[in-house]
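Listed below, chain by chain, are the residues.
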Amino acid sequence: MRNNRTPQQRKPAGGSGRRLNGPLLALLVVVVVGGGFLAARSFWGMPPGPAADTGAREGELSIGGPFTLVDQDGKTVTDADFRGHWLLVYFGFTFCPDICPTELTRNSNALDLLGEKGEKITPVLISIDPERDTPEKMKDYVHFFHPRMVGLTGTPQQIAAVAKEYRVFYMKAPGDQPDTYVVDHSSLTYLIGPDGRFVQFFSGEASPQDVADKLKPLL
Ligand code: NI
């Protein structure tokens, strides 16, 4: 009978929060693993190159799409503003302790390896932490990685919409203070063609040289 237990046995303060984390953690694992599986399936199921026209199944595999966001200068931009440019799009956040900086540095280094050809590609960071990532914060952050990197943020609704288009998973994980949370997120870089269509993605496994080697023949 659970009412026979003393309050101490039941668990001191904070314990209830911890117990609640069980199911939440399980859900997170399911979502992350499920998302990874979906990403892997898309990756292996996707024909190489931009010719992803596979008829009826195309919609199922589509990645990317229209968006309205705010750039690092506070200007509203849409996907249409980027037509004619190759994009290397990464979703992350400026408070990210390690993975985002690693991926963004990899992307910048890949462009540098391409020399002048690399100038045809615009590196982009889309924040999945719109509450803290103001345009000003994005501006400082993206310039640290590459002089031409574009930092996009927006309202939580705008970010949710673009993340959905790109099949990006993200979820807040609480920190010690209300404003020290981190955001767990999937970590892929998306190559978008000048026509706005998704071409392929790069995982964290790819080196700067790997990425540059893939991009070079396209430019
Ligand atoms: Ni990150």
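Residues numbered from 1 in each chain as written. Predicted model: local features only at pLDDT ≥ 70, side-chain atom pairs only at ≥ 80, totals over all residues. Heavy atoms only, no water.

### Points about the confidence of the model for the protein chain
With 72% of its residues at a pLDDT of 70 or more, the protein chain has an overall mean of 81. The model gives residues 1-31 a pLDDT under 50, and that stretch makes 9 contacts with residues more than four places away or in other chains. Counting contacts from residues 37-59, a segment whose pLDDT is below 50, to residues more than four positions away or on other chains yields 19 contacts. (pLDDT = per-residue confidence, 0-100. Contact = heavy atoms within 4.5 Å.)

### Side note on the coordination of the nickel ion
Every protein donor of the nickel ion is accounted for by C96 (SG), C100 (SG) and H185 (NE2), and the metal-donor separations fall at 2.0 to 2.2 Å. One chain supplies every donor for the nickel ion, spaced along it as C-x3-C-x84-H. Separated by 85 residues along the polypeptide, C100 in helix α4 (residues 99-113) and H185 in strand β7 (residues 182-185) bring together distant segments of the chain. The pair formed by C100 and H185 is uniform in burial state, with each residue classed as buried. (Donors = N, O, S within 2.8 Å, 3.2 Å for Na, K, Ca; no water. Helix = DSSP H or I, 4+ residues; strand = E, 2+ residues; numbered from the N terminus. Buried < 20%, exposed > 50% of the residue type's maximum accessible area, 1.4 Å probe, protein only.)

### Points about the packing of α4 against helix α7 (residues 208-215)
Running from amino to carboxyl end, α4 crosses α7 at an angle of 50°, the nearest separation of the two axes being 8 Å. The orientation of α4 relative to α7 falls into the category oblique. Taken as a pair, α4 and α7 cross one another with a handedness that is right-handed. In contact with R106, N109, A110, L111 and L113 of α4, α7 contributes P208, Q209, V211, A212 and L215. By residue class, the composition of the contact of α4 with α7 is 7 nonpolar, 2 polar and 1 charged. (Axes fitted to C-alpha atoms, helices over the stretch in contact; angles between N-to-C directions. Parallel < 35°, antiparallel > 145°, perpendicular 65-115°, else oblique. Left-handed = near helix turned anticlockwise from the far one by under 90°. Nonpolar A, V, L, I, M, F, W, Y, C, P; charged D, E, K, R; others polar.)

### Things to note about the pairing of β7
Along any regular strand the residues' side chains alternate between the sheet's two faces. Judged by which residues are buried, β7 turns out to be one-sided: V183 and H185 face inward and are buried, whereas V182 and D184, on the alternate face, are not. Of the pairings in the sheet, the one linking strand β6 (residues 170-173) to β7 comprises 4 bridges and is antiparallel in character. Bridge pairing in β7 links K172 to V183. (Pairing = 2+ DSSP bridges.)

### Notes on the packing of aromatic side chains
The description of two aromatic rings rests on the distance between their centres and on the angle between their planes. Evaluation of the coordinates by the stated rule reveals 9 aromatic pairs. Consider the rings of F91 and Y166, whose centres lie 5.2 Å apart with planes at 50°: the pair is tilted. Of the two residues, F91 is situated in strand β3 (residues 86-92) and Y166 in the loop between α6 (156-165) and β6; the sequence distance between them amounts to 75 residues. Y166 matches F91 in its accessibility class, with the two residues each being buried. Between Y166 and Y190 the ring centres are 5.2 Å apart and the planes differ by 80°, which places this aromatic pair in the edge-to-face class. Placement of Y166 in the loop between α6 and β6 and of Y190 in strand β8 (residues 189-192) is noted, with a sequence separation of 24 residues between them. For the pair shown, Y166 and Y190 are each scored as buried. Grouped by ring-pair contacts, the aromatic residues F91, Y166, Y190, F198 and F201 constitute a single cluster. In this structure, R132 packs its charged tip against the face of F95, placed 4.0 Å from the ring centre. The ring of Y181 is capped by R132, whose NZ or CZ atom sits 3.6 Å from the centre of that ring. (Phe/Tyr/Trp six-rings, centres within 6.5 Å; stacked < 30°, edge-to-face > 60°. Lys NZ or Arg CZ within 6 Å of the ring centre and 35° of its normal.)

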